[in-house]
Amino acid sequence: MKKLIEAYNSENFRKKGHKLIDEIANHFENTIQEKNSKVIHWSQPNDEHIFWKDYLENGNQENLFSTLISHSIHVHNPNYIGHQVAPIAPITALSALLNATLNNGMAVYEMGMASSTIERVITDFLCKKVGHDLDSNGILTSGGTLANLTALLSARKAITTTDVWKDGNKNKLGIMVSEDAHYCIDRAARIMGLGEDGIIKIPATIDFKMDTSLLEEYYQESLKKGIEIFAIVGSAPSTSTGIYDDLIAISKFSKEKNIWFHIDGAHGGAAIFSSKYKHTVKGLENADSVVIDGHKMMMMPALTTALLFKNGHNSHATFSQKADYLLEDSKEEDWYNLAKRTFECTKTMMSIHWFTLLKTYGEEIFDEYITTLYDLGYEFAQIIASKPNFELAVKPVSNIICFRYINENNSNDELNEINEKVRQKVLEKGEFYIVQTKLRGIHYLRLTIMNPFTTALHLNKLLGYILNELE
Ligand SMILES: *Cc1c(COP(=O)(O)O)cnc(C)c1O
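So, how was this worked out
Residues numbered from 1 in each chain as written. Predicted model: local features only at pLDDT ≥ 70, side-chain atom pairs only at ≥ 80, totals over all residues. Heavy atoms only, no water. Near = heavy atom within 4 Å. Polar contact = N/O pair within 3.5 Å; in protein donor to acceptor, adjacent residues only side chain to side chain. Areas by Shrake-Rupley, 256 points an atom, 1.4 Å probe, with all protein chains shown as cover. Helix = DSSP H or I, 4+ residues; strand = E, 2+ residues; numbered from the N terminus. Nonpolar A, V, L, I, M, F, W, Y, C, P; charged D, E, K, R; others polar. Salt bridge = Lys/Arg side-chain N within 4 Å of Asp/Glu carboxyl O. Buried < 20%, exposed > 50% of the residue type's maximum accessible area, 1.4 Å probe, protein only. Pairing = 2+ DSSP bridges. Axes fitted to C-alpha atoms, helices over the stretch in contact; angles between N-to-C directions. Contact = heavy atoms within 4.5 Å. Core = buried A, V, L, I, M, F, W, Y, C linked by side-chain atoms within 4.5 Å. Expected span 1.5 Å × (residues − 1). Left-handed = near helix turned anticlockwise from the far one by under 90°. pLDDT = per-residue confidence, 0-100.

Talk me through the site of the ligand; I want residue IDs and the actual numbers.
In the vicinity of the ligand there are 15 residues, among which Gly144, Thr145, Asp264, Asp293 and Lys296 approach most closely. One of the backbone nitrogen or oxygen atoms of Gly144 is found 2.7 Å away from an oxygen atom of the ligand. Considering the ligand on its own, with 380 Å² of exposed area, one finds that the protein chains cover 88% of that surface. Secondary structure elements with two or more residues in the shell around the ligand: helix H7 (144–159) and helix H12 (294–297). Counting residues per element, the shell around the ligand draws most heavily on H7, at 3 residues. Its residues assigned to classes, the shell around the ligand shows 3 nonpolar, 9 polar and 3 charged.

Below is the structure:
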């Protein structure tokens, strides 16, 4: 019992906890104010592996947390302009600590009285914000990937002529989605057994939107092959380019064909909170299901995703599988036993992050955050347009921007290599963090402006830095 007594000693916890909170507060200060200038102290995977293997044997236990901080990428640094993960609002570090402490498992009501009912408060609030009526409801789940899969399972249950959940796959089924959608849609469809033929990829227009003029043709072609299409997915926006599909046109098509309309708004669904940019998600209210990530554009710690249903009954019907030891089979839709509707059995108390932010700052904080980031996306596009050695892949409409270095003396193949190399250099030097993507054979540098403290000054500096590295 010696180790257990030591581990559960609350005075030890108090001491370590106070020290850690101080360290975290310093971390916020150092990163946001760039006192600790590097975004990442890059090391090769094999070197990092050796470091941690050695640390387990020989490292100083007292320094464990501070070493973890220094060996991680710092999303709160304004020069972090890479992937779509939020620099969390500091108060959610505290709700995350409370979540871990209480460890309420959520599967059934009594294993999370507060967090289960708060989940209803939050999802009802989000449904209303989307523009849904009282038939709507939603759940929170672990990430956009899982939420998209869950939505497609609900769609299949609601629309297809056969009951796949009960009888297995009998017919060929299919979904329609833009070729530029997030890879998790393709993965979800394969998990559901649709196979390659069942993922009808609609080509994108020159400006990376789903080409909705092709929908009828692709639909008819699939029908001829004996594929029953049950859903169409719109991206709001697509991950690689930040471009929104035409949600109104897709909605119209889905109504005509009587199929499910799902919107993957993992990244930009949060634009419903921006008075300036909510026009980007026009049509959201028509979707049968919508996904919005809390850990991307809503400043929360990973993972927490809202999945909202226009008709809440479809959410209750998704997994009608009995787990009687947990859930008494009830005719009434018991909204408070959440595992009936989520993929997860045990789930974290993710609703408390949403609630904490709303209670502390009101929904205005989401408007400020999204509007600031999207504004800077537009501003960066103007900066790029003014520089002869850089070009945009497409005019941005969000905080995701793809651009590249250009030079009239180099071929496209050479430019691909140059841009790829410079991104690797930027990563290894660690002053900035940016990512990359290949679009139609062209290698682009990709930014997602996630940090509200990033300014045009940082972005100008980045461009100068890139040119400097090229010399
Ligand atoms: C990030 C993203 C996903 C995946 O969400 P996770 O929360 O990372 O699982 C899905 N779709 C889009 C459009 C995204 O941007």
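A description of the pattern of salt bridges should follow, citing residues and the corresponding values.
This model, assessed by the stated rule, comprises 17 salt bridges. Across the pair Glu11 and Arg14 runs a salt bridge whose closest N-O atoms are separated by 3.1 Å. Here Glu11 pairs with Arg14, and both are found in helix H2 (residues 10–32), just 3 residues apart, close to one helical turn. On the basis of relative accessible area, Glu11 is assigned to the partly exposed category, the value being 43%.

Would you mind going over the sheet that holds strand S3 (residues 199–202) in detail, with residue names and values included?
What the 7 strands build is an open sheet, ordered S1-S7-S6-S5-S4-S2-S3; its pairing is mixed. Each of the sheet's edge strands pairs with one partner strand only, and the pair in question is strand S1 (137–141) and S3. Each strand of the sheet is rotated relative to its neighbour by a mean of 20°, with strand direction disregarded. Looking at chain direction, strand S5 (residues 260–264) and strand S6 (residues 289–293) are connected through 3 bridges and run parallel. Looking across to S6, one finds that Asp264 is bridged to Val291. Sitting on the sheet, helix H11 (residues 247–257) touches strand S2 (172–178), strand S4 (227–235) and S5, and the angle it makes with S4 is about 160°.

So what's going on with the nonpolar core? Which residues, and what values?
Among the nonpolar cores identified, the biggest contains 76 residues, and Met176, Ile232, Phe366, Phe403 and Leu447 are the most heavily contacted of them. When residues of this core are assigned to their parent elements, the largest contribution, 10 residues, is made by helix H15 (residues 364–385). Excluding its chain neighbours within four sequence positions, the residues that come into contact with Met176 are Ile200, Ile202, Leu215, Tyr218, Tyr219, Ile229, Ala231, Ile232, Val233 and Phe253. Counting 31 residues, the second-largest nonpolar core is a separate cluster that includes Ala181, Ala189, Ile199 and Ala231.

Residue-level account of the pairing of S4, with values.
Taken residue by residue, a regular strand's side chains alternate between the two faces of the sheet. Within S4, 9 of the 9 residues are buried, which leaves the element mostly enclosed by the surrounding structure. Sheet topology places S2 next to S4; 6 bridges connect them, and they run parallel. Of the residues in S4, the one forming a bridge with Val177 is Val233. Pairing analysis gives 5 bridges linking S4 to S5, with the strands arranged parallel.

A description of helix H6 (residues 113–130) should follow, citing residues and the corresponding values.
The terminal C-alpha atoms of H6, which comprises 18 residues, lie 26 Å apart, in line with the 26 Å expected from a rise of 1.5 Å per residue. Ser115, Ser116, Ile118, Glu119, Ile122, Thr123, Leu126, Cys127 and Val130 are the residues of H6 that are buried. Just past H6, the residue Gly131 takes up positive phi, approximately 110°.

If you had to explain the packing of helix H10 (residues 215–224) against H11 to someone new, which residues and values would you point to?
As a packed pair, H10 and H11 sit with axes 11 Å apart at the nearest point and diverge in direction by 35°. Crossing of H10 over H11 shows right-handed handedness. Contacts from Leu215, Glu216, Tyr219 and Gln220 of H10 reach H11 at Phe253, Glu256 and Lys257. Of the residues assigned to the contact of H10 with H11, the class counts are 3 nonpolar, 1 polar and 3 charged.

Go over the sheet that holds strand S10 (residues 435–439), please, and point to the residues and values.
Ordered by their spatial adjacency, 4 strands build an open sheet running S8-S9-S11-S10, and the pairing between neighbours is antiparallel. Each edge of the open sheet is held by one strand with a lone partner, namely strand S8 (390–392) and S10. Taken pair by pair, the neighbouring strands of this sheet meet at an average axis angle of 40°, ignoring direction. With 3 bridges joining them, S8 and strand S9 (residues 400–405) adopt antiparallel strand pairing. By the bridge assignment for S9, Phe390 is matched with Tyr405. Its contacts with the sheet place helix H17 (residues 456–470) against S8, S9 and strand S11 (442–448), and it is angled at close to 30° to S9.

Provide a residue-level description of the confidence of the model for the chain, including the pertinent values.
Residues with a pLDDT of 70 or more make up 97% of the chain, whose mean pLDDT is 94. The low-confidence segment residues 322–328, where pLDDT is below 50, has 8 contacts with residues more than four positions distant or belonging to other chains.

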